[in-house]
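Secondary and tertiary structure notes
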Amino acid sequence: MTTTVTTGQAVAARAVDVWKVYGSGEAQVIALHGVSVELERGQFTAIMGPSGSGKSTLMHTLAGLDSVTRGEIFIGDTRLTGMSDGDLTNLRRTKVGFIFQQFNLLPTLTAEENILLPLSIAGRKADPKWYETVIDTVGLRDRLKHRPSQLSGGQQQRVACARALVSRPEVIFADEPTGNLDSRSGAEVLSFLRNSVREYGQTIVMVTHDPNAASYADRVIFLADGQVVDELLAPSADAVLDKLKGLDAKVESAADASQAG
Amino acid sequence: MLRATLKSLLSRKLRLVLSGLAVVLGVMFVSGAFVLTDTMGRSFDSLFSSVYQGIDVNVTQKPKVGGDQDVGPSQQGNIPAATLDKVRAVPGVASVTGDATADGARVIGKNGKVVTTFGPPRLGGNWVGTSDLLQLREGRAPAADNEIVVNVTTAKSAGGLKVGDDVGVLTLQPGKKVFKLVGIFGYSGDRDSLGGSLEVLFTTPVAQELMLGEKDVYSGINVTAAAGVTNEKLRDDVAAALGGEAGGFQVKTGKQLTDETTKSFREGLAFFNNVLIGFAGVALFVGTFLILNTFSIIVAQRTRELALMRALGGSRGQTLGSVIIEAVAIGLIASVLGLAAGVGVGVLLAWVFGNVSGVALASVGVPAAAVISAFVVGLLVTVVAAVLPALRASRIPPIAALQEVATPDRPLTKLTVSGALIGAAGGTMLGLGLAGQGDNTLWLILGGVLVSFIGVALLTPLLARPVVSLLGRLFSWSVPGKLGRLNSGRNPRRTAITAAALMVGLALITGVNVILASAKQSLSSQASTQVTVDLIISGDGDDNGPAKFDPAVMDAAAKLPGVSSAASEYWDFAQVDGNGTGISATPDMAAYASMFKLTATEGTLQWTGPDQAVIDTENAKKRNLTLGSTMTMQFTRGEPHQVKIVGLYQRSDVMGGTIVSGDVVKDYRSAQPSWGYLRVSDGASVDAIQKQVDQLLVDNPEVSVANRAEYVDAQSAQFDQLLVMIQVLLALAILIAVLGIVNTLALSVLERTRELGLLRAIGMRRAQTMRMVTVEAVVISTFGALLGLAVGTGLGAAVVRALKDDGFTKLAFPWSQMATYLLLAALVGVIAAVLPSIRASRVNVLQAISHD
C-alpha cells in the first residue's frame, strides 16, 4: 500500500512514486518503495523514521543529489529526473539550499565569505537588504570576519544556515542539522529555522531522528521500510515520540512476523 | 605489524605509483648510464682488438709533442726508411711493413662539403695490400700517384662515391688535391670501417709527402713474427736492435697497443659516465623532495591508523618501522623497475650511438655496477626521504590522533633558522670554491650548490605564504581562482617542498643560462672594443685543433684592393720548456698586434729575426720570464727551437699568452694557418671584400669568412648548443618535479573530498572545480619557477663574478629566456593539474558529504 500525502497548497517539491534500489540480486536493497510526497511552499517539514527507513535517501533524491530508480522528482515546476549534471548544478545554484550535520564550511574562508559562497560561485550579488536581514537573524554580525575554526559549533551551523538562506532558494534541505550540537545551540538553530519559515515564507525540509527537533516543524512525515507510513501536523514532541514508538513496535512485529514466517 | 603495513601499502596503489615513479626515473638514469658505457666499452674492446690484428710488433718514433694527458693527440715522429731494413735484419722477423698514416685526410663530398665524423679520425695512409683484415670490395689498388682507394664508410658518407670518380682531398699539405678513385675497401666480418674511421689510402710516396710531410719516411713499422718466436721476445729483440730507449723508438706488441688504445677510450667513457651520473644525481635529488612530500602526506593521512596501532600497544619503534618498511618496499620495487628501464634506455642509446658512429655493438650486458647502484640509490633515497615523516608520525600522541584533533600548524621558526644556517653554509662553501684554487674547488662548488639548495628548500615554507598569496591575486578574479589560491596557501610546508623540487632543476638551468648569456655579452663587447678586425677567416676543428686553410689565400686576400691590413695565426700543440700546451704563431706580429690592440710594455711587438716570441706580462711573471729570456719549444716535427722573448704586452680579455714568430710553423703538424684577420680601409665596403675573400676560399671548404658580428654569433651558437644539451639532461629533473605537483594535488584532492562535495552541492560546476585545482597547481609551479629563477640568477651571477678575470667582463641576464621558463612553468602547472582536477570534478557529491 502506498500512502500519498497531499495538501491543497502550492508545492515547492514533490516526489511521485519514487523507487530507489541499490545493488541487484541477493544484495538488492530497496531504499524507497514507491514514495509519493508533496512538500508545500512556506512550510517547515520534518522527515522522520527509524534508521534504514529511507529518510535520508528521500531527502537526497528530492535535492537532486541522488538519482532515482523509478518515478519523478519536481522542484517547483522543474522536473529533476533525467537532468544532466550541468542542469542539476544550475538548479542547486538557484533553487536549493543545504544545511549539513557536519556544518561543511570551507576552512579557508571567513564566515562572511562562506555565507556568500553559493552566490559568488554562481556569479551573483546578494540582495543587500536581504543579506542584512539574514545576518541579523542569525546574530553573526560581530563574527563575520572570523574563520570557521574560530567559531563554536552552534555559530558554525548558524553560518551554514545563513549560507542556505541568503540565495532565497525554493527549498532548503537540512540533514540532521542539530546532530552535532548541544541542546541549547540546537534549540537556537531550530527556532531560527522556524522563524525563517514563519517570517519570510522559506520552505524547509529537515531530516531528523530527534522528536524534539521535529516538534519545531509544521508537519512531520514518518517513513518506515522505504514507505511513507504516517504524518502529523503541528506536532508536539510527545506526539512525535508516541508515533515513533508505535512505528518501532510495528517494525519489530513485522520483523518478528517475517522471522516466524 | 608487517602484514598490517603491507596491506595498507597495497590499498593505496596510486600513491605507490606516484612516489615510486620518481625513484624509477632516477634509478633508470643511473643504471642506464652504466649499461651504456659498459656496452660501448666492450664494443671498443672488440673493435681495437681487430684494429691491430695481424700486427705482432709495432715500432714508432717517440712523439715529440704530446702523448701525455695534458696535450691533445700525439703525432708520431717520422721514421726514416732505412730503419725498416734494420728491423728486417732482426732474427725472428717474418715480414716488415712501413705504415705512413696520419689523421687529417679530409675527403670533399658530393655536396662540396668536407665529410665530418662524430669523433672517429679521418685517416690518410699508404696502400700496403689486402690482408686477412682489409679486403678490396670494388675496383683495384692504387698504382699511380693520382689514384686513391677509400673505405666503404668514406664512400657512403661522401654521398656515394663510385669507382672512377674524381675526389677532392684536403691533406696536411696546403691546398685541395684531386685524385681518381680506383677502389673501395672494407674489413673482414663485412665491416665498412674500423670504428667509423674514414680512410683514404694513397700510394706510399704520396702518403709520405701529403700526410707525413717528408719523402721516404714512415709513421710506424708493423712487424710479424716468424713461427716459434713469441711477440714479447721479438719486441725485445727489435728494441735492442734499434738502440733501446735511447734510440728514441717505442716498440710494442699488438696486444699492448690494443690495451693502451682501449684504456684511453675507457677513460673517455668514464668521464661521459660521470656526466650522466651527475645529471642522474640531480634527478634523484629532486626525486627526494617528491618522496619526502609524499611520505609526509601519507603519514598525515595515516595518522589515525598509526595512532590506533599505538593505542593497541604498538611501540614507537614499530610505528617508525612500519613507515620505513613501506619506504623499503617502494624503494625495492622502484629500483627493480628503474633498473629494467635503465637497461632499456642504455641499450637504446648504445644502438643509436652504434648507428651514428658505425661501431659494431658488443652484446648487451648488465654490469654489476648498474645493479648495485640501482639498488643502493633507489633504497637509500627512498628510506632517507621517509625517515623524517616517520619520526614525526611516531611522536604523535595516540589519543590526539584518534580524536582527529587537527594537527596545529607548527611554527616555522625552527625550520627557518636551520634553513638560514644551512643556506649560509652552502653560500660560504660556494664562495670558497669559486674564490679558491686547487683540487677541491670543484667539490666545494658542487657541494656548495647542493647545500644551498637544501637551505633554500628549508626557507621555502616561510616564503610560501607571502609569495603564494601575492601570486594568487592574479587568479582571484574568479571564485574558483580565489579558492585555488587559498588552497595552495593552506599547507605552506607541502606547497614549499613541491615548489622546491621544481626550483632545483630550474635554478640549474637558469644559472647556466646566466653564465652563458654573460659570456656572450662579454664576447661581443670585447669584440667591439678590443678588436679592430673587420673580417675573420676561420672554421670548426677536430681533435687535432682548429680547421686550417691554404696560406696562399691570405697572400691573395692581403692584396685585394680595400684591404688595409692582414694577419694570420697558426696553431698547434707543442712542448714549451717541457710542458705540453697549444701555441700560436704569426708571421707578421706588428699587424697582429694592431688587430688586437696590443701594445708593448717592454721590448717590441714585431719580429726582427727567426725564433722569437712575445708574451703577456702576467704569464711572464708566473713563469719567471723577462725580456731576453729564452724558451725551449719542441714542435710536432724537427728539432727543438730556442725561442727568445723580444717583447712583453699587457694581456686583454681576448688575447693573452705566448705568440711565436712565423718561421717555426714549418715544424708544425700542418704548416697552414687556422685564422686569418683582415682590416678594411675606410670607405671600402666590408661586404664586397667579404664576397671576394669567399671566392678565394673556394678550395678550402672547411673555413669561411665572417664579419665581426657574424663571427661573434657563430661563437655564441656554441653556447646555445651547450644550453640545449643541459636543458635536455635537466628535463628529467623537471619531469620529476611535475610528478611531484601531480602527486601533491592528487593527495590534496583526496584529502578535501568532503569540501569538494560541498562545493558541488552548493552549485559549483565541474569546470569551476577543475579551474580551482588548476589554479592551485599553477600557483605552486610558478612559485617554484620564481624561486628557481631567483636562486639560479644568484648562482649564475656568483660564478660570473668569480670568473671576472677570465674574460667574463659583463654580467647579463637572459630576461626573455627567464620569462619563457616562467610561462612554461605555468603551463606545466596546468598540465600537472589535468588528472587531479578531473578527479576532483568527478567527486560523488553524495558520498563526499556523507563521508566521515
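Residues numbered from 1 in each chain as written. Chains lettered and ligands numbered in written order. Predicted model: local features only at pLDDT ≥ 70, side-chain atom pairs only at ≥ 80, totals over all residues. Heavy atoms only, no water.

By the naming in an unreviewed UniProt entry, chain B goes by Membrane protein and is assigned to Dactylosporangium siamense. We quote the UniProt Sequence similarities (unreviewed entry) comment for chain B here in full: "Belongs to the ABC-4 integral membrane protein family." Within the UniProt record for chain B, the comment given under Subcellular location (unreviewed entry) is "Cell membrane". (UniProt positions renumbered as here; feature names shortened; annotations may be inferred.)

Chain A is annotated in an unreviewed UniProt entry as ABC transporter ATP-binding protein from Dactylosporangium siamense.

**Observations concerning the pattern of salt bridges**
Residue and element names in this part refer to chain B. Counted according to the given criterion, the structure contains 36 salt bridges over all chains. Its salt-bridge partner being D85, residue R88 comes within 3.1 Å of it at the nearest N-O pair. Note that R88 and D85 are positioned in helix α3 (residues 82–88) at a spacing of three residues, about one turn of the helix. By relative accessible area, R88 is classed as partly exposed at 43%. (Salt bridge = Lys/Arg side-chain N within 4 Å of Asp/Glu carboxyl O. Helix = DSSP H or I, 4+ residues; strand = E, 2+ residues; numbered from the N terminus. Buried < 20%, exposed > 50% of the residue type's maximum accessible area, 1.4 Å probe, protein only.)

**Considerations on the interface of chain A and chain B**
Every contact between the two is made by 23 residues of chain A and, on the other side, 22 residues of chain B. The junction of chain A with chain B conceals about 2,200 Å² of combined surface from both sides, 62% of it contributed by carbon and sulfur atoms. Among the residues chain A hides against chain B, the three largest losses belong to L106, T108 and I121 of chain A. Together they make up 24% of the total. Counting every contact that joins chain A to chain B gives three salt bridges. For D85 of chain A, the salt bridge goes to R766 of chain B, with nearest N and O atoms at 3.8 Å. For the interface between chain A and chain B, the tally reads nine residue pairs in polar contact (both at pLDDT 80 or more). Contributions of two or more residues to the side of chain A that touches chain B are made by α2 (85–95) and α3 (111–121) of chain A. Among the residues forming the side of chain A that touches chain B, the class breakdown is nine nonpolar, eight polar and six charged. (Contact = heavy atoms within 4.5 Å. Buried area = accessible area lost by both parts, 1.4 Å probe. Polar contact = N/O pair within 3.5 Å; in protein donor to acceptor, adjacent residues only side chain to side chain. Nonpolar A, V, L, I, M, F, W, Y, C, P; charged D, E, K, R; others polar.)

**Section: the sheet that holds strand β3 (residues 44–48) of chain A**
Residues and elements named next belong to chain A. Within the open sheet, the six strands sit side by side as β6-β7-β8-β3-β9-β10. Their pairing is mixed. If you trace the sheet from one side to the other, it starts and ends with β6 (96–99) and β10 (227–233), each paired once. Direction aside, neighbouring strands of the sheet carry axes that sit 20° apart on average. Across the sheet, helix α1 (residues 55–62) is in contact with β3, β7 (171–175), β8 (204–207) and β9 (219–224); its angle to β7 comes to roughly 150°. (Pairing = 2+ DSSP bridges. Axes fitted to C-alpha atoms, helices over the stretch in contact; angles between N-to-C directions.)

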